[in-house]
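Structural overview
Spelled out, the chains give:
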Amino acid sequence: MKFHTASTTINTRNLPFFVKIIFPPINWYRSFPSMFSNILSPNTTHRPAMMFTRLVFTLVCTFLFFNLATSQSIGPAPNEVYFVDLLARQNAKSHFTIKYELLDDRRPPLIVRRGASFKMSIALVKPYKPPVDKIRLEFMYGPRPQLGKGTLIYLPVTLNPPEIKDINKWRAKILSVQENVLLTEVYVPPNVAVSNWNLRVSTKQQGSRNIRSYSVRESIFILFNPWSKLDPVFLEREDYRQEFILQDIGKIYIGSYNQPKGRQWIYGQFNRDVLPAIMFMMSRTRLDYAARGNPIKVVRAIAQMVNSHDDNGLLVGNWSGDYKSGTPPWSWTGSAPILEQYLATNGEPVKFGQCWVFAGVTTTVARALGIAARTVTNFVSAHDTDDSLTVDKFFDAKGQPISDVNADSIWNFHVWTDVWMTRPDLPAGYGGWQVIDATPQETSEGLYRTGPASVEAVRRGEIGLAYDAPFVFAEVNADLVHWRLDESSPLGWKKMMTNKHHIGRKIITKKVGYISEAPDTRDAEDITDKYKNKEGTAEERMSVLNAARAGGLSYLFEIPEPDREDIKFELIKIERVPIGQPFYIIVRMYNKAPTKRTITLSLNVNTVYYTGILAHNVKQERREIEIGPNKVIEHRVNVHVHDYLPYLVDYSMLKIYAVASVRETSQTWSEEDDFAVEKPPLTLHVSHTPLTVGVPFGLRIEITNPLDLVLNGCKLTIEGTSLVNRVQTVAIPDINRKTKISHVVQLTPRRPGESNIVVTFQSKQLGDVYGSKSITIA
């Protein structure tokens, strides 16, 4: 049966079955006006239900008519796609992405690295006919894909495609055909945007304009490729790739340079929601398509987005000591809970972070995206706020510190992230490790971020190279200068001391392939010499002067210090103070002159935030001391527990300032020391071995209260890389003074292999106590 219009003939053999049944009694296209008129007529006798049925039927038939007419006019129906298998797990093995937990989903996404090929299977409705069936892959990036911008890729799929030698061009070919199933290979260029892409497969017949499209539901995550020499993030050493890309647990070092401590940190870059959270975070940057393919721009955006100061980034920084509205920084045990919370709240910044938390998360983000990253700690780290390449401390005539002259500070420790890449934007030789820092200290091009700054450029004092090299250079190699108020000086200040070796005392990161359970530094690698030449060498001074000249600041290093110095002063460094124990300060003075000298000595002890900001004054003393010729005197000041314990702040750090002047010669001297009182670690024990997937086990946590007071508001946070409940927070009873207790939590392994458990303890009186345990799950 055929129906005729002025321009189109429709054969009912092509119509769906239900339409064939209805068509014979109804010459519908002719009766449509009268039907519509009857339905709308106020005099109609039709019942409402019949009226509604006829209206719906008319609209459906009209749609079918125009659809069929259009289809017949542009060509025959194509061989449609009914299923696409991205072979996600198979591809993940060859792309080193098999650890991503997203692949455990029933319909997992494709996670592949650029600069390499992946395979996919396309199933057609009918057997594939090469001369007739035309197939095209359409890869789409962003909300409005466009061919001209490279965000929409049209990729024909054929059995024998023409050879394309350009490594920056997408390619696709059919590897094999089994009737209606095509095994296809796709090459992803090494410069494409690292992001989540979408895929559509379109089919048509040769010479026809009748196209059918199949949208693949699963996302495609394209990552950087440190295994490919074509990618700027290529890393040659396999042990480095295993450590800095695939290792999901590490160590972050905090404390003071003479008492460093290491705490395990679970990077968790393969956790199920971490990669989606990172892609969501990166979608809120201002990077265009080309920038998303450039690792220099990507890591700069990471440093911007991990803090919340710009663009509603990930973490809110807080150094105030008041964390009631969020999580105290020291309670975090890993990056994944932070990223998961950010994703779950649709981008609400997470509270709270400090430098080592910012750095741990930054390392996670870089590794998840395929950029080699390591977390680095710089002990005695300068924060140069005025770009002078010096950290200037000011004291009044009585030796009391003055804090409102400038904002320069010295952090007991500062933590950032090194990432590995080539730097084609810099002269040759400045690739390799690059510093990026998400801690919001100073702005760079209007946003709170630092880097990437070439570590080699910092070592050489080449501060004119992008990005933010002067700031990083000052962090590791600034001179510490003490000034004393002096109205007789043209500057108004007299230089008392320049310490050329105080800043950047120790720079460490975790060793490759080894991690210690204990909160120590046995697993640390000293990389100070990668950032600066050895202190005291001509090369080190040359790099400082080179940086000063480049910044036009050499005059600051030429102001002479007093030349008549016949008293030798020494502030004895404090090695170890367990919390709850007293300590004492010793200043040793040696008179080398043949006559007596009169010394005015001022000592100040303060609790201090690790950023170098003074919190509370604990003790201060000012004495006048006479010392005979060729004599040695030691002046001692005792500090009792009740002097410092009520005033401790984060990380329990104290700072000592010693300032002296000699009446007879006007010689001046100053020195400072930082240390942290030690807290007892948590001790962890498992109830039995071996541990088996799905079988609960007990983790016994032993805690010692070292103080002569009761700990209340006690809480434990437990995180494990391979546990059913990755993060748990449990309240425990008060702990009596000088008492050791045990608490057992039940944990269930989720997957086999090596795993780590990290536990933190906090109470109202004592926090920043932690421990870790390595386990093997069968």
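All figures in this text were calculated on a predicted structure; none of them were measured in a lab.

Before going further, it helps to examine the overall build of the protein chain. Broken down by element type, the protein chain carries 15 helices and 42 strands. Looking at the protein chain as a whole, 55% of its 778 residues qualify as buried. Taking the intrachain contacts of the protein chain between residues at least 6 apart in sequence as the baseline, contacts between residues at least 24 apart amount to 68%. Surface summary for the protein chain: the accessible area is close to 33,700 Å², and the carbon and sulfur share equals 52%.

Ordered by their spatial adjacency, 6 strands build an open sheet running β24-β21-β20-β17-β27-β28, and the pairing between neighbours is antiparallel. The open sheet terminates on both sides in strands that have one partner only, identified here as β24 (450–454) and β28 (524–526). Recorded for the sheet is a direction-independent mean angle of 30° between the axes of neighbouring strands. With 3 bridges connecting them, strand β27 (residues 506–510) and β28 associate as antiparallel partners. The residue of β28 that forms the bridge with Lys510 is Ala524.

Applying the stated rule across the entire model yields 27 aromatic pairs. Consider the rings of Phe569 and Trp669, whose centres lie 4.8 Å apart with planes at 15°: the pair is stacked. With Phe569 in strand β29 (residues 567–571) and Trp669 in strand β35 (residues 668–676), the pair connects residues that are 100 residues apart, well separated along the chain. With relative accessibility at 10%, the residue Phe569 sits in the buried group. Site record: aromatic cluster; members linked through ring pairs are Trp319, Tyr323, Trp330, Phe352, Phe358, Trp411, Phe413, Tyr610 and Tyr651. The aromatic ring of Tyr770 is capped on one face by Arg263, whose charged end is 4.4 Å from the ring centroid. The ring of Trp433 has Arg374 lying over it, and the distance from NZ or CZ to the ring centre is 4.1 Å.

With that out of the way, let us pick up the nonpolar core. Counting residues in hydrophobic clusters, the biggest one holds 111 residues, and the most contacted among them are Leu275, Leu314, Trp356, Leu369, Phe413 and Tyr531. Among the elements that take part in this core, helix α10 (residues 355–369) stands out by supplying 10 residues, more than any other. Among residues more than four places away in sequence, those in contact with Leu369 are Val194, Leu223, Phe224, Leu275, Ile278, Met279, Val298 and Ile302. Core analysis: the second largest hydrophobic core is formed by 54 residues, Ile599, Ile625, Tyr644 and Ile775 among them.

The next thing to look at is the environment of Val125. If you trace the backbone, Val125 turns up in the loop between β5 (116–124) and β6 (133–140). Taking relative accessible area as the criterion, Val125 reaches 53% and is therefore assigned exposed. For the pair Val125 and Glu80, spaced 45 residues apart in sequence, the C-alpha separation works out to 5.6 Å. Discounting residues that sit within four places of it in the chain, Val125 has contacts with Asn79, Glu80, Tyr82 and Asn180.

Once that is clear, we can look at helix α8 (residues 295–305). Here α8 lies mainly inside the structure; 10 of its 11 residues are buried. Among the residues of α8, Pro295, Ile296, Val298, Val299, Arg300, Ala301, Ile302, Ala303, Gln304 and Met305 are the ones counted as buried. Where α8 begins, the side chain of Asn294 points an oxygen toward the backbone nitrogen of Ile296, at a separation of 3.0 Å.

On to the sheet that holds strand β34 (residues 653–662). Taken together, the 4 strands give an open sheet; going across it, the order is β32-β31-β34-β35, and neighbouring strands pair in antiparallel fashion. The open sheet has two edge strands, β32 (614–627) and β35, and neither has a second partner. Averaged over all adjacent pairs, the angle separating strand axes in this sheet is 15°, with direction ignored. The pairing of β34 with β35 spans 9 bridges and is classified as antiparallel. When the bridges of β35 are listed, Ser661 appears paired with Thr668.

A separate point is empty space enclosed by the protein. Applying the stated criterion across every chain, the model contains 4 cavities of 30 Å³ or more. By volume, the second largest cavity is sized at about 60 Å³. In this structure, the second largest cavity is lined by Glu243, Phe244, Gly250, Lys251, Tyr267, Arg367, Arg374, Thr375, Thr509 and Lys510. Elements that contribute at least two residues to the lining of the second largest cavity include exactly α5 (238–246), β13 (249–256), β17 (373–383) and β27. In terms of residue class, the lining of the second largest cavity is made up of 2 nonpolar, 3 polar and 5 charged.

This brings us to the environment of Gly580. With respect to the helices, strands and loops of the structure, Gly580 is situated in the loop between β29 and β30 (583–591). Sequence spacing of Gly580 and Leu645 is 65 residues, and the spatial spacing of their C-alpha atoms is 7.3 Å. Residues in contact with Gly580, not counting those within four places in the same chain, are Val641, Tyr644 and Leu707.

Taken together, Tyr82, Phe83 and Val125 make up a surface patch of nonpolar side chains, about 310 Å² in accessible area. Secondary-structure assignment places Tyr82 in strand β3 (residues 81–85).

Bringing the layout of surface pockets into the picture now. When its volume is computed, the largest pocket comes out at roughly 690 Å³. Along the wall of the largest pocket there are 29 residues; nearest its centre are Trp330, Ser763, Lys764, Gln765 and Leu766. Classifying every residue of the lining of the largest pocket by side-chain character gives 13 nonpolar, 9 polar and 7 charged.

Summarising the element assignment, Ile777 is placed in strand β42 (residues 769–777). Sequence separation between Ile777 and Gly694 is 83 residues, and the spatial gap between their C-alpha atoms is 10.0 Å. Excluding residues that lie within four positions of it along the chain, Ile777 makes contacts with Leu691, Thr692, Val693, Ser722, Pro749, Arg751, Pro752, Gly753 and Ser755.

With that out of the way, let us pick up helix α6 (residues 274–283). Of all 10 residues making up α6, 7 are buried, and the element is well covered by its neighbours. For α6, every residue scored as buried is listed here: Val274, Leu275, Ala277, Ile278, Met279, Met281 and Met282.

Okay, the pattern of salt bridges next. Pairing between side chains becomes possible if they bear opposite charge and their charged atoms approach one another. Inspection of the entire model under this criterion finds 40 salt bridges. Between Arg263 and Asp768 there is a salt bridge, with the nearest N and O atoms lying 3.4 Å from each other. One end of the pair, Arg263, is in strand β14 (residues 259–266); the other, Asp768, is in the loop between β41 (753–762) and β42, and 505 residues separate them in sequence. A salt bridge links Glu678 to Arg576; the shortest N-O distance between them is 2.9 Å. Here Arg576 lies in the loop between β29 and β30 and Glu678 lies in the loop between β35 and β36 (683–686), a separation of 102 residues in the sequence. Shared partners join several salt bridges into a network, and the residues in it are Arg300, Glu445, Arg449 and Asp468.

Reading the values: rules and limits
- Counting starts from 1 at the beginning of each chain's written sequence and moves along it residue by residue.
- Only residues with pLDDT of at least 70 are given local features in this predicted model, and only at 80 or more are side-chain atom pairs given and counted; all residues enter the totals for whole chains, interfaces and linings.
- For side-chain calculations, the full set of non-hydrogen atoms in the structure is used, while hydrogens and water are omitted.
- Secondary structure follows DSSP: runs of H or I at least 4 residues long count as helices, runs of E at least 2 residues long count as strands, and numbering of each begins at the N terminus.
- Working definition: with a 1.4 Å probe on protein chains only, accessible area under 20% of the residue-type maximum means buried, over 50% means exposed, and in between means partly exposed.
- Contacts are assigned to residue pairs that have any heavy atoms within 4.5 Å of one another.
- Only the protein chains shown count as covering a residue, and every accessible area follows the Shrake-Rupley method with a 1.4 Å probe.
- Two strands qualify as a pair provided that DSSP identifies no fewer than 2 bridges between them.
- Lines fitted to the C-alpha atoms define the axes, with helices restricted to the stretch that makes contact. Angles between their N-to-C directions range from 0 to 180 degrees.
- Classification of ring pairs rests on two measures: the distance between centres of Phe, Tyr or Trp rings, Trp counted by its six-membered ring, which must be within 6.5 Å, and the angle between planes, read as stacked under 30 degrees, edge-to-face over 60 and tilted in between.
- Cation placement over rings: the criterion is NZ of Lys or CZ of Arg within 6 Å of the ring centroid and within 35° of the ring normal.
- As used here, the term nonpolar core means buried Ala, Val, Leu, Ile, Met, Phe, Trp, Tyr and Cys residues forming a set that is joined through side-chain atoms within 4.5 Å.
- Pairing of N or O atoms within 3.5 Å defines a polar contact, subject to two protein rules: one partner must be a possible hydrogen donor and the other a possible acceptor, and residues neighboring in sequence count only if both atoms are side-chain atoms.
- Cavities and pockets were defined on a 1 Å grid built from protein atoms only: a cavity is a group of points that admits a 1.4 Å probe but offers it no way out, a pocket is an open group of points flanked by protein on both sides within 12 Å along at least five of seven lines, and a lining residue is one with an atom within 4 Å of any such point.
- Grid points are joined across faces, edges and corners, and a volume is the space filled by probe spheres set on the points.
- Residue type decides the class: Asp, Glu, Lys and Arg count as charged, Ala, Val, Leu, Ile, Met, Phe, Trp, Tyr, Cys and Pro as nonpolar, and the leftover types, Gly among them, as polar.
- Grouping into patches uses exposed residues only, defined as over 30% relative accessible area, and leaves out salt-bridged ones; the cut-off is 9 Å for like charges and 5 Å for nonpolar side chains (Val, Leu, Ile, Met, Phe, Trp, Tyr).
- Throughout this description, the term salt bridge denotes a Lys or Arg side-chain nitrogen within 4 Å of a carboxyl oxygen of Asp or Glu.

Any functional reading would require information that these geometric values do not contain.
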